[in-house]
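These are the residues of each chain, in order.
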Amino acid sequence: SLQSISDVDVSRSNSENNYTWLITFIDNVGDQPLIEIDSSYIRGSSVSSTVIETTVGTDPLFDQGSVGMQTVPLGSTMISRSKEIQMISVSSSANDLSGYF
């Protein structure tokens, strides 16, 4: 558990020689640093691992007064942001991938 990271949503998919995890940062706003993985405990033929940012997290915009066609009282806040999504991929050249990170 990392104290600076709040809730995340994790989904995993796999094919014969590849596992992929999508990590969506639910509560952390803004651009997050890339996840670092230690692949020294992953076993298989020609193992490779990557981490990429598929969606950049954005800071919320704070607006007051009229916003487009919608009027909000002065002092109100409308928050809109993109949730950061990062993808971890681990693959092997044969069907012998195992281990953890």
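Data block above holds the structure.
Described below are features of the structure shown in this document. (Residues numbered from 1 in each chain as written. Predicted model: local features only at pLDDT ≥ 70, side-chain atom pairs only at ≥ 80, totals over all residues. Heavy atoms only, no water.)

**Notes on the overall build of the protein chain**
Applied cut-off: Elements are defined by DSSP. Helices are runs of H or I of four residues or more, strands are runs of E of two residues or more, and each kind is numbered from the N terminus. Burial classes: relative accessible area under 20% of the type maximum marks a residue as buried, over 50% as exposed, and values in between as partly exposed (1.4 Å probe, protein chains only). In this description, contact between two residues means that some pair of their heavy atoms is separated by no more than 4.5 Å. Per-residue and other accessible areas follow the Shrake-Rupley method at a 1.4 Å probe size, with only the shown protein chains counted as cover for residues.
For the protein chain, the helix and strand inventory stands at 0 helices and 8 strands. Ordering the α and β elements of the protein chain from the N terminus gives β-β-β-β-β-β-β-β. Expressed as a percentage of the 101 residues in the protein chain, the buried residues total 22%. By sequence separation, contacts in the protein chain at least 24 residues apart represent 63% of the contacts at least 6 residues apart. For the protein chain, the accessible area works out to roughly 6900 Å², and carbon and sulfur atoms hold 49% of it.

**Considerations on the pairing of strand 7 (residues 85–91)**
We apply this condition: Pairing between strands is defined by DSSP: at least two bridges between the two strands are required.
The pairing of strand 2 (residues 18–25) with strand 7 spans 7 bridges and is classified as antiparallel. The residue of strand 7 that forms the bridge with threonine 24 is isoleucine 85. Relative to strand 7, strand 4 (residues 48–55) runs antiparallel, the two being bridged by 7 bridges. Note that in strand 7 the partner of valine 51 across the bridge is isoleucine 88.

**What about the sheet that holds strand 1 (residues 8–15)?**
What counts, and what does not: Lines fitted to C-alpha atoms define the axes here, with helix axes fitted over just the stretch in contact, and angles between the N-to-C directions of these axes take values from 0 to 180 degrees.
An order of 1-2-7-4 is seen for the 4 strands of this open sheet, with the pairing classed as antiparallel. With one partner strand each, in any of the chains shown, strand 1 and strand 4 form the two edges of the open sheet. Within the sheet, the average angular offset between the axes of one strand and its neighbour, ignoring direction, is 15°.

**Some details on the side chain of glutamine 32**
For glutamine 32, the position within the fold is in the loop between strand 2 and strand 3 (42–43). Not counting chain neighbours up to four residues away, the residues in contact with glutamine 32 comprise Ile5, Phe25, Glu53, Glu84 and Gln86.

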